[in-house]
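# Understanding the architecture of this molecule
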Amino acid sequence: MKKIQMVDLKGQYEKIKAEVDHGIQQVIDSTQFINGQAVKDFQADLEAYLGVKHVIPCANGTDALQVAMMALGLKPGDEVITSDFTFVATVEVIALLGLTPVLVDVDPETFNIDPAAIERAITPKTKAIVPVHLFGQAADMDAIMAIANRHNLFVIEDNCQAIGSTFTSAEGWSKKAGTIGHVGCTSFFPSKNLGCYGDGGAIFTNDDQLAHQLRGVVNHGMFVRYYHDYVGVNSRLDSIQAAVLKAKLPHLDAYCAARLAAADFYDKAFANHPKLRTPARFAKSSHVFHQYTLVSQDVDRAALIEFLGSHGIPAMIYYPVPLHLQKAYLDPRYKEGDFPVTEALSNTVFSLPMHTELDEEQLGFISSKVLEFLNR
Ligand SMILES: *Cc1c(COP(=O)(O)O)cnc(C)c1O
């Protein structure tokens, strides 16, 4: 059996080596390392794939979120509502810009931001909502856009974990996750569903005016060389990373399908187990399984993870500490017990290996070891 890893980037690379190597070599031959043709080509390919008018490439997913908030003109004191159960980047950029993060709890089934909790958190200072499409499926964008429209708020989708996922509205339309709100953000970190071989990110919008602002912010607030209209940042996707992404994008749907097949295998193996809850599938969103995350019940989670490790099976906890209990984000507005769903999830979830290269032998071994521990 092949060695089991949380992600298998080498195995994935070997299948597309010729395309990737050719793209990288072209960049080297051109010496257009910054803003080269590969960046322009990938941008156009991603716009077509997502069905969105503008893709603005940038240096990473965290920058994408920061640039989006800057381009929307959010100012210190403005409140931004986001999920308590997520990777730290979302709340980090809110804090860095001097905005006020307002945390809300999540839905216990989908792990995504709870629209009713958003509504309760709105004040006259609220300016934006940042739904995080966690683990590979979109939050309830129907409810979130309705709230945003009612209260005149911006919606910034953190789509770092759900690129390729499709959201189907109760009204009948379907759109790619990340293209529904005013602006969407993604990361091309190597282990993401569409990952490059270093850091990378992108911002999406259908709004021409906002796209113009975003292009300025990522480029030092500059449209005419050495004339700076506002304070920006330097955040670029480099050409070599764009070449890798250009080679990988045509495979993204197949990658999502491979992840889904692995998830189906796990679902079947753990169906109706009294100590496990398999990940809920939200009816309005296709699931691209960035992570396969189970909720355990009456399980010594640390002992389970150690047992799996002793059999060569890595397992991870995404995320062990809710944002409101993280040292850097402690705030007198929040205390332990304020976000019961997130707190319970942080204590009970664990994620199994999930990537595009898992085979049935590996999946069978992983699930049998999980069951062996739970049933002993
Ligand atoms: C990965 C990730 C980010 C940050 O992306 P980087 O490219 O690592 O900066 C932000 N939000 C979420 C939900 C993520 O998973």
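Above: the structure in question.
Keep in mind that this is a model prediction, so the values were computed, not measured.

What follows covers helix 3 (residues 37-50). The end-to-end C-alpha separation of helix 3 is 20 Å, in line with the 20 Å expected for 14 residues at 1.5 Å each. For helix 3, every residue scored as buried is listed here: Ala38, Val39, Phe42, Leu46, Glu47, Tyr49 and Leu50. Looking down the long axis of helix 3, one finds its buried residues gathered within 165 degrees of arc, a one-sided arrangement. Those residues of helix 3 that are buried are in contact with helix 2 (17-30), strand 1 (54-58), strand 7 (174-176), strand 9 (201-205), helix 9 (239-248) and helix 10 (252-270). Note on helix 3: the residue one or two positions beyond its end, glycine 51, has a positive phi of about 70 degrees.

Our next topic: the site of the ligand. The ligand sits among Asn60, Gly61, Thr62, Thr86, Phe87, Ala89, Val132, Asp158, Cys160, Gln161, Ser187 and Lys192. One nitrogen or oxygen atom from the side chain of asparagine 60 is found 3.5 Å from an oxygen atom belonging to the ligand. When the free accessible area of the ligand is taken as 380 Å², the share hidden by the protein chains comes to 92%.

Before going further, it helps to examine the sheet that holds strand 1. Strand order across the open sheet formed by 7 strands is 1-9-8-5-4-2-3, with mixed pairing between neighbours. Sheet topology places strand 1 and strand 3 (100-104) at the edges, where each strand pairs with a single neighbour. Averaged over neighbouring strand pairs, the angle between their axes works out to 25 degrees when direction is ignored. In terms of strand pairing, strand 2 (residues 79-83) meets strand 4 (residues 126-130) through 4 bridges, oriented parallel. Residue pairing across strands places threonine 82 opposite valine 130, the latter belonging to strand 4. Running over the sheet, helix 3 touches strand 1 and strand 9 and is turned about 135 degrees from strand 1. In the packing of helix 4 (residues 61-71) onto the sheet, the strands contacted are strand 1, strand 4, strand 5 (154-158), strand 8 (183-187) and strand 9, and the crossing angle to strand 8 comes to about 160 degrees.

With that out of the way, let us pick up the environment of leucine 65. Within the secondary structure, leucine 65 is located in helix 4. In this structure the C-alpha to C-alpha distance between leucine 65 and glutamate 92, which are 27 residues apart in sequence, comes to 9.7 Å. Apart from the residues lying within four places of it in its own chain, the contact partners of leucine 65 are Ala89, Thr90, Val93, Val130, Ile156, Asp158 and Cys185.

How two aromatic rings sit relative to each other is set out by the distance from centre to centre and by the angle between their planes. A full pass over the atoms with the stated rule returns 16 aromatic pairs. Arranged with centres 5.5 Å apart and planes meeting at 75 degrees, the rings of phenylalanine 42 and phenylalanine 188 form a pair that is edge-to-face. Residue phenylalanine 42 is located in helix 3, and its partner phenylalanine 188 is located in the loop between strand 8 and strand 9; the two are separated by 146 residues in the primary sequence. Per residue, the accessibility class of phenylalanine 42 equals that of phenylalanine 188, and both read buried. Relative to phenylalanine 135, the ring of phenylalanine 111 lies with its centre 5.6 Å away and its plane at 80 degrees, an arrangement referred to as edge-to-face. Highlighted residues: phenylalanine 111 in the loop between strand 3 and helix 6 (115-121) and phenylalanine 135 in the loop between strand 4 and helix 7 (141-151), separated in sequence by 24 residues. Comparing phenylalanine 111 with phenylalanine 135, the two get one shared label, buried. Taken together, the ring pairs in this structure connect Phe85, Phe87, Phe111, Phe135, Tyr318 and Tyr319 into an aromatic cluster. One cation-aromatic arrangement involves lysine 175 over tryptophan 173; the distance from NZ or CZ to the ring centre is 4.7 Å. In this arrangement the basic side chain of arginine 376 is found over the ring face of phenylalanine 307, its NZ or CZ atom lying 5.1 Å from the centre.

Rules of the game
- In every chain, residue numbers begin from 1 and rise along the written sequence.
- In keeping with the model being predicted, local features are shown solely for residues with a pLDDT of at least 70 and side-chain atom pairs are shown and tallied solely at 80 or more, while totals for entire chains, interfaces and linings include all residues.
- Where side-chain values are given, they derive from all heavy atoms of the structure, hydrogens and water being excluded.
- Secondary structure elements follow DSSP: runs of H or I no shorter than four residues count as helices, runs of E no shorter than two count as strands, and numbering proceeds from the N terminus.
- A helix's residues, less one, multiplied by 1.5 Å, set its expected span.
- Under the scheme applied here, a residue whose accessible area is under 20% of the maximum for its type counts as buried, over 50% as exposed, and between as partly exposed, the area being computed with a 1.4 Å probe on protein chains only.
- The directions from the helix axis to the C-beta atoms are what the arc is built from.
- Whether two residues touch is decided by their heavy atoms; if any such pair falls within 4.5 Å, the residues are in contact.
- For each residue, the test is whether any non-hydrogen atom lies within 4 Å of the molecule or strand; if one does, the residue is near.
- Think of a polar contact as two N or O atoms within 3.5 Å of one another; within protein, one of them needs to be a possible hydrogen donor and the other a possible acceptor, and neighboring residues in sequence only count if both atoms come from side chains.
- Residue burial considers only the protein chains on display, and all accessible areas are found by Shrake-Rupley using a 1.4 Å probe.
- Note: two strands are recorded as paired if DSSP finds a minimum of 2 bridges between them.
- Structural elements are reduced to axes, namely lines fitted to C-alpha atoms, with helices fitted over the stretch in contact, and the angle between N-to-C directions of any two is expressed from 0 to 180 degrees.
- Any two rings among Phe, Tyr and Trp, with Trp reduced to its six-membered ring, count as a pair given centres within 6.5 Å; such a pair is stacked if its planes are under 30 degrees apart, edge-to-face if over 60, and tilted if neither.
- Whether a charge lies above a ring is judged from NZ of Lys or CZ of Arg, which has to be within 6 Å of the ring centre and within 35 degrees of the ring normal.

Functional significance is not addressed by these values, which are geometric in nature.
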